[in-house]
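Topology and contacts: notes
Each chain, letter by letter, is given below.
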Amino acid sequence: MRIYKDKFTGDEMFSDTYKIKLVDGVIYEVYGKHVTRKNGEIQLAGANPSAEEADEGTEEGAESGVDIVLNHRLQESYAFPDKKSYTLYLKDYMKKLIPKLEQDAPDQVDIFKNNINKTMKDILSRFKDLQFFTGESMDIDGLVGLMEYRDIDGDSVPVMMFFKQGLDEEKF
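Residues numbered from 1 in each chain as written. Predicted model: local features only at pLDDT ≥ 70, side-chain atom pairs only at ≥ 80, totals over all residues. Heavy atoms only, no water.

Put simply, the rule reads: UniProt positions are given in the numbering used here, feature names are shortened, and annotations may be inferred rather than shown by experiment.
An unreviewed UniProt entry annotates the protein chain as Translationally-controlled tumor protein homolog of Dendroctonus ponderosae. Its UniProt record gives the protein chain a comment under Sequence similarities (unreviewed entry), which states: "Belongs to the TCTP family."

A word on the packing of helix 2 (residues 83–104) against helix 3 (residues 106–124)
Cut-off, in case you're wondering: Every axis in this analysis is a line fitted to C-alpha atoms, fitted for helices over the stretch in contact. Angles between the N-to-C directions lie between 0 and 180 degrees. Secondary structure elements follow DSSP: runs of H or I no shorter than four residues count as helices, runs of E no shorter than two count as strands, and numbering proceeds from the N terminus. Roughly parallel here means an angle under 35 degrees, roughly antiparallel means over 145, roughly perpendicular means 65 to 115, and every remaining angle is called oblique. Each helix crossing is assigned a hand: it is left-handed if the near helix lies turned anticlockwise from the far helix by less than a right angle, otherwise right-handed if that turn is clockwise. In this description, contact between two residues means that some pair of their heavy atoms is separated by no more than 4.5 Å. By the convention adopted, Pro, Cys, Tyr, Trp, Phe, Met, Ile, Leu, Val and Ala count as nonpolar, Lys, Arg, Asp and Glu as charged, and the other residues, Gly among them, as polar.
Where helix 2 meets helix 3, the axes come as close as 9 Å, and the angle between the chain directions of the two elements is 165°. When the axes of helix 2 and helix 3 are compared, the pair comes out roughly antiparallel. The two elements helix 2 and helix 3 meet at a crossing, and its hand is right-handed. Across the interface between the two elements, K83, Y86, T87, L90, M94, L97, I98, L101, E102, Q103 and D104 of helix 2 pack against P106, Q108, V109, F112, K113, I116, M120 and L124 of helix 3. Each residue belonging to the contact of helix 2 with helix 3 can be placed in one class, and the counts come to twelve nonpolar, three polar and four charged.

What about the sheet that holds strand 1 (residues 2–6)?
As a reminder, the rule being used: The pairing criterion is simple: DSSP has to find at least two bridges between the two strands.
With antiparallel pairing, the three strands of this open sheet are ordered in space as 2-1-11. The two strands at the open ends of the sheet, each matched to only one other strand, are strand 2 (12–15) and strand 11 (167–171). When the angles between neighbouring strand axes are averaged without regard to direction, this sheet yields 25°. Pairing geometry for strand 1 and strand 11, over five bridges, is antiparallel. Bridging across to strand 11, K5 finds its partner in D168.

So, in structure tokens, the structure goes:
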């Protein structure tokens with residue numbers, strides 16, 4: 001299993017137990033689903049709980065939400081009320097990320113620089129539909145994941161987006 005952690009805060013953002021798609025070499029799209037479970041219960045994709053443990057979601061102490069958010073303790077952030085505030089965050093984040101990449105992964109610098117503007121222009125065109133999530137530490141100076149809902153085969157599917165170059169991948 002692989003865990004993807006924020007390069008600056010060390011916060012766990014997601015794992016490879018979800019369907020993941022790399023877009024333009026810079027954005028991981030991670031496909032989640034809505035779940036209901038007892039508080040504190042973690043359910044990873046592919047796990048098969050026994051019938052005795054099945055929860056109808058009506059019990060007191062149940063929580064509902066997107067599995068990626070619940071499993072990795074992501075925190076919703078309301079720090080970006082408009083496109084301008086998010087763009088300012090992006091500029092500051094890039095100023096920190098590029099030198100880190102030059103030091104740790106020089107092969108990723110050109111991929112990132114060449115593709116990030118086109119990718120972010122597309123994402124920012126849907127700004128009003130986005131939700132923002134930080135890692136468990138709630139450090140806004142780290143990576144901020146984006147989430148939007150997409151219609152896939154008639155279902156509304158939560159899709160989270162993370163900068164590939166802003167993550168460290170750990171194998172377990």
